[in-house]
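Single-letter residue listing:
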Amino acid sequence: MIVAKHFIFLGAPGVGKGTQAQRFAQLMDLPHVSTGDMLRASVQSGSEIGLRAAAVMESGALVGDEIIVRIVEERLLLEDASDGVIFDGFPRTIHQAHALDNLLAVHGDEIGAVLHLDLDDEEIVGRLSGRRVCSKCGAIYHIRYHAPTVYGICDICGGGLLQRDDDQPAVIRKRLAVYQAETAPLIAYYHDRPAYHLVSGEGEVDDVFSRIVKAVEVAG
Ligand code: AP5
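Reading the values: the criteria
- Residues numbered from 1 in each chain as written.
- Predicted model: local features only at pLDDT ≥ 70, side-chain atom pairs only at ≥ 80, totals over all residues.
- Heavy atoms only, no water.
- Phe/Tyr/Trp six-rings, centres within 6.5 Å; stacked < 30°, edge-to-face > 60°.
- Helix = DSSP H or I, 4+ residues; strand = E, 2+ residues; numbered from the N terminus.
- Buried < 20%, exposed > 50% of the residue type's maximum accessible area, 1.4 Å probe, protein only.
- Lys NZ or Arg CZ within 6 Å of the ring centre and 35° of its normal.
- Expected span 1.5 Å × (residues − 1).
- Arc of directions from axis to C-beta.
- Pairing = 2+ DSSP bridges.
- Axes fitted to C-alpha atoms, helices over the stretch in contact; angles between N-to-C directions.
- Parallel < 35°, antiparallel > 145°, perpendicular 65-115°, else oblique.
- Left-handed = near helix turned anticlockwise from the far one by under 90°.
- Contact = heavy atoms within 4.5 Å.
- Nonpolar A, V, L, I, M, F, W, Y, C, P; charged D, E, K, R; others polar.

(A) Main features of the packing of aromatic side chains. Here the structure, examined in full by the defined rule, presents 4 aromatic pairs. Centroid distance Phe-9 to Phe-24: 5.7 Å. Interplanar angle 65 degrees. Geometry classified as edge-to-face. With Phe-9 in strand 1 (residues 5-10) and Phe-24 in helix 1 (residues 17-28), the pair connects residues that are 15 residues apart, well separated along the chain. Both residues of the pair, Phe-9 and Phe-24, count as buried. With a centroid separation of 5.0 Å and 90 degrees between ring planes, the pair formed by Tyr-189 and Tyr-190 is classed as edge-to-face. In this structure, Arg-23 is placed above the aromatic ring of Phe-209, and the distance from its NZ or CZ to the ring centre is 4.5 Å.

Printed below as a string of structure tokens:
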């Protein structure tokens, strides 16, 4: 029997989880599962989950564990998840981490690696305030560090680039505080497992990616 191996990108908002998880998913040929992207798609479609999540996301707080665990559980049942997925932004609370462990135990799946990206808050605020995201394909840009060739247009699909509603300064501060209170405890939760790797998020995207690949190769 093939055991599915799931990879977790853990870290504060804006540390580079999405940027790195998209690349890592391509390298591993596994689906990129971002709970943030899934929630934003639900908000756009006006679904029941979207209606419940919209105001919470705009405020910078976390969406309820029950909703998140339900969407992840459903996502893992899809055929393309059978070899594993790259989680980006999940788990985000101790409750979610327990729920994931229970799900993995039921299916006989494993955690391939927990990649904890770390960066200081000043750099994080600079990254988030300059972020732009493609409205069509979700590609991530930065007005200074990773600008598109044509202003406001995605290099990959030609879609328009947008600033996320929660990338306003007051909401960024709230998201960082919520991270400290609710998500940072996950570091202790995973720290003593062999799958846990602390990776510096500093420097160029390519350099961070090389550190991630090295951490996973050395462990595997
Ligand atoms: P989510 O979408 O998960 O956002 P987040 O965790 O706040 O993380 P971000 O997407 O803001 O940052 P990132 O680390 O992915 O950085 P990125 O690669 O984009 O969640 C949004 C909301 O949804 C939450 O607030 C919550 O309400 C809800 N939610 C989602 N999941 C949930 C869950 N599990 N439970 C409960 N609620 C949930 O990079 C940022 C910028 O930096 C970009 O512009 C990028 O180009 C640039 N950049 C990246 N790397 C570098 C580099 N090395 N050098 C220079 N610039 C860089």
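(B) Just helix 1, in detail. Along its 12 residues, helix 1 runs 16 Å from first to last C-alpha, staying within 8% of the 16 Å computed at 1.5 Å per residue. Buried within helix 1 are the following residues: Lys-17, Gly-18, Gln-20, Ala-21, Phe-24 and Ala-25. For helix 1, the angular spread of buried residues about the axis comes to 160 degrees, placing them on one side. Positive phi shows up at Asp-29, right after helix 1, with a value of about 55 degrees.

(C) Structural detail: the sheet that holds strand 2 (residues 32-34). Pairing in this open sheet of 5 strands is parallel, and the strands run 2-3-1-4-8 from one edge to the other. Each edge of the open sheet carries a strand with a single partner, namely strand 2 and strand 8 (196-200). Each adjacent strand pair in this sheet contributes to an overall mean axis angle of 20 degrees, direction not counted. Examined bridge by bridge, strand 4 (residues 110-118) and strand 8 share 5 bridges and lie parallel to one another. What sits directly across from Val-114, in strand 8, is Tyr-196.

(D) Quick look at the packing of helix 3 (residues 48-59) against helix 4 (residues 65-76). Following both chains from N to C, one finds helix 3 and helix 4 inclined at 135 degrees, their axes separated by 11 Å at the closest point. Considering the angle they form, helix 3 stands oblique to helix 4. Crossing of helix 3 against helix 4: the hand is left-handed. Packed against helix 3, whose contacting residues are Glu-48, Ile-49 and Arg-52, the element helix 4 presents Glu-66, Ile-67, Arg-70 and Ile-71 at the interface. Of the residues assigned to the contact of helix 3 with helix 4, the class counts are 3 nonpolar, no polar and 4 charged.

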